[in-house]
Every structure is written in C-alpha cells, then in structure tokens.
Amino acid sequence: MPLTDTDIDIMACVPLGTVAAQLLLEVKHVHSSNGCLSDDLLSALQDVFGTSLLSALDIVDRKGVTHVSSPSGRHLYLVVGSSGRLYTCLPSGLYCPCTYFTYAALMKGEALVCKHVLAVQLSQAMEACQELNVSDEELVGLLMNKDTATAQ
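Residues numbered from 1 in each chain as written. Predicted model: local features only at pLDDT ≥ 70, side-chain atom pairs only at ≥ 80, totals over all residues. Heavy atoms only, no water.

An unreviewed UniProt entry annotates the chain as Zinc finger SWIM domain-containing protein 7-like of Branchiostoma belcheri.

The following block contains the structure:
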C-alpha cells in the first residue's frame, strides 16, 4: 500500500526510529479500517513504548489532545495530563515540559517519549485530535507561557 501524505506526516513527527514509526503507521491503518486496535498491535506498542502506552491511550480516550494552529501555519499540541495539567508539546515530538520526558527520555535514555508525546502521536495516527484555531499572537502566548496549566 503506498504512503499517503498523512502517513508521511506521521513518520516525519516520529523521532523514534523505524520500528516505532511503522507501529504508528499500523495504528493509523488498523484504526481507520476497524475503529479499534488489535491485541497484537497493542502488545507490540507496549513492547516499544512500555508503561507510557496505557496512560497515553487514556489521554486519547479522554480526548485530551488538542491540535492548535494559527493562520501563519504554525502549530503545536496541548495535552491534558492525568492530573489535569496542560502540557504544550511540539509537533516534532522532540519536546514536552514534563519531568518524565526530561529525566527518562532525554537525560537517562530509558524511554523513547513520555505519555504526553505518545498521546499526540497516537491521536494523530487515530485522527482523534481536537482542533483549535488561534491567532498568531495567541499561539505565541501559549508558547511563552511558562506554566501551561493556566493556559486552559
């Protein structure tokens, strides 16, 4: 099956390597066909993403990922964590302000991503993101806000 533009977008945002990118493409294809994920696919995702998977799926189920875009074409993702705190994640998948991402993913290399970044990637693959259009000034405000928990 040839890659679509959406497939290429998913792969471009996944700085995780070939296995993770292929799994997320499989999520997209299986979910668009069946509306759910198979046990085998969930098991493979668990093997790659570990403990972040269940928390990320919970965020997706709660519709906790919002794709925010501005007229200039810039965009980011707001993710509501399990505590209700709002996290700003970049589309590249290379940043989340949570301590787990900083400590486990960046400093120790024990995890590929945190649950917030994984929730963004799963939401993209399953087309489950909420959409919010804001002005360029509002987008800058979201990026400049040190405590994104108040940006709700």
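Draft legend 1. Summary view of the pairing of strand β3 (residues 86–89). Side-chain alternation along β3 places L86 and T88 on one buried face and Y87 and C89 on a second face that is also buried. When strand β2 (residues 75–80) meets β3, the two strands line up antiparallel, connected through four bridges. When the sheet's bridge partners are listed, V79 is paired in β3 with Y87. The antiparallel hairpin formed by β2 and β3 contains five residues in its connecting segment, where G84 sits at a positive phi of about 95 degrees. (Buried < 20%, exposed > 50% of the residue type's maximum accessible area, 1.4 Å probe, protein only. Helix = DSSP H or I, 4+ residues; strand = E, 2+ residues; numbered from the N terminus. Pairing = 2+ DSSP bridges.)

Draft legend 2. The arrangement of the sheet that holds strand β4 (residues 130–133) in detail. The sheet built from four strands is open, its strands ordered β3-β2-β1-β4 with mixed pairing. Here the strands that pair on one side only, and so sit at the sheet edges, are β3 and β4. Strand-to-strand twist in this sheet, taken as the mean axis angle between neighbours without regard to direction, amounts to 25 degrees. Strands β1 (65–69), β2 and β3 of the sheet are contacted by helix α7 (residues 136–144), whose axis makes an angle of about 50 degrees with β2. (Axes fitted to C-alpha atoms, helices over the stretch in contact; angles between N-to-C directions. Contact = heavy atoms within 4.5 Å.)

Draft legend 3. The arrangement of a nonpolar patch on the surface in detail. Taken together, the side chains of L90, Y95, V140, L143 and M144 make up a nonpolar region of the molecular surface, amounting to roughly 480 Å² of accessible area. With respect to the helices and strands, the residue L90 is situated in the loop between β3 and α5 (99–107). For L90, a relative accessible area of 32% translates into the label partly exposed. (Patch = residues over 30% accessible without salt bridge, like charges linked within 9 Å, V, L, I, M, F, W, Y side chains within 5 Å. Areas by Shrake-Rupley, 256 points an atom, 1.4 Å probe, with all protein chains shown as cover. Salt bridge = Lys/Arg side-chain N within 4 Å of Asp/Glu carboxyl O.)

Draft legend 4. Up close: the confidence of the model for the chain. Looking at the chain as a whole, the pLDDT averages 82, with 84% of positions reaching at least 70. Throughout residues 146–152 the model reports pLDDT below 50, and contacts reaching past four residues in sequence, or to other chains, amount to 16 contacts. (pLDDT = per-residue confidence, 0-100.)

Draft legend 5. Structural detail: unusual backbone geometry. In the Ramachandran plot, K63 falls in the positive-phi region, its phi being about 55 degrees despite a non-glycine side chain. Relative to the helices and strands, K63 is located in the loop between α4 (52–61) and β1. If you check the backbone angles, E127 has positive phi at about 50 degrees while not being a glycine. For E127, the location among the structural elements is in the loop between α6 (115–125) and β4.

Draft legend 6. Spotlight on α5. Burial in α5 covers these residues: F101, A104 and A105. Seen along its axis, α5 keeps its buried residues to an arc of 105 degrees; they face one direction. Summarising the geometry of α5, the exposed residues directed more than 90 degrees from the buried face are T99, L106 and M107. Packed against the buried residues of α5 are α6. (Arc of directions from axis to C-beta.)

Draft legend 7. Just the packing of helix α2 (residues 18–34) against α6, in detail. Two elements in contact, α2 and α6, have axes whose closest approach is 8 Å; the angle formed by their N-to-C orientations is 40 degrees. Taken together, α2 and α6 sit at an angle that is classed as oblique. Across the interface between the two elements, L24, V27 and K28 from α2 touch Q121, L122 and A125 from α6. Tallied by class, residues from the contact of α2 with α6 come to four nonpolar, one polar and one charged. (Parallel < 35°, antiparallel > 145°, perpendicular 65-115°, else oblique. Nonpolar A, V, L, I, M, F, W, Y, C, P; charged D, E, K, R; others polar.)

Draft legend 8. Here's a closer look at the nonpolar core. Counting 34 residues, the largest nonpolar core has V27, L45, V65, C96 and L122 as its most contacted members. Residue contributions to this core peak at six residues, all from α6. Once residues within four sequence positions are removed from consideration, L122 is found in contact with L24, V27, L53, A56, L57 and V60. By size, the runner-up hydrophobic cluster in this structure holds seven residues, among which are V68, L78, L139 and L142. (Core = buried A, V, L, I, M, F, W, Y, C linked by side-chain atoms within 4.5 Å.)

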